[in-house]
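# Structure at a glance
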Amino acid sequence: MKENKLVDLSMDFAIKTIKLCETIKGHYFLVNQLERSATSIGANIHEANYAHGKPDFIAKLQIALKECCETEYWLELFVKSDILNRETAVDLYNQCGTIRRILIASINIAKENTK
């Protein structure tokens, strides 16, 4: 199977987020939301690789993009509410931004190729 950078990035991101969430005491509901959105990114990217045609592929990537944006929201909320300090969250936030930009480019390319 050929290497898929987006799959690898999203898997690494999910693992780092899970490990970070294990260190947060309390705030169970918020931590659960962060874990769910962060791990959903990679799950939808992985699912897109087995899509039933181009429209399904694009739809799965768009869901992954929405989850990525949600994850950025939770990270920012954690920082602004002092659950996490900015230095702890910055690597994850940057990695999430990288995944978001790749997803946007991938969606745009896929849409162009359907025309």
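Details of the structure are given in the entry above.
Here's a quick rundown of the structure. (Residues numbered from 1 in each chain as written. Predicted model: local features only at pLDDT ≥ 70, side-chain atom pairs only at ≥ 80, totals over all residues. Heavy atoms only, no water.)

### Considerations on the packing of aromatic side chains
Evaluation of the coordinates by the stated rule reveals 1 aromatic pair. Ring geometry for Tyr73 and Trp74: centres 5.1 Å apart, planes at 70°, overall edge-to-face. Of the residues examined, Tyr73 reaches a relative accessible area of 47% and is grouped as partly exposed. Trp74 sits in the buried class, given a relative accessible area of 10%. (Phe/Tyr/Trp six-rings, centres within 6.5 Å; stacked < 30°, edge-to-face > 60°. Buried < 20%, exposed > 50% of the residue type's maximum accessible area, 1.4 Å probe, protein only.)

### A look at the packing of helix H1 (residues 5-23) against helix H4 (residues 86-113)
Orientation of H1 relative to H4, taken along the N-to-C sense of each, is 150°, at an axis distance of 10 Å. One finds that H1 runs roughly antiparallel with respect to H4. In this structure, H1 meets H4 at a crossing whose hand is left-handed. Contacts between H1 and H4 involve Leu6, Leu9, Ser10, Asp12, Phe13, Lys16, Thr17 and Leu20 from the first element and Thr88, Asp91, Leu92, Gln95, Cys96, Thr98, Ile99, Ile102, Leu103 and Ser106 from the second. (Axes fitted to C-alpha atoms, helices over the stretch in contact; angles between N-to-C directions. Helix = DSSP H or I, 4+ residues; strand = E, 2+ residues; numbered from the N terminus. Parallel < 35°, antiparallel > 145°, perpendicular 65-115°, else oblique. Left-handed = near helix turned anticlockwise from the far one by under 90°. Contact = heavy atoms within 4.5 Å.)

In short, geometric facts, not functional conclusions.
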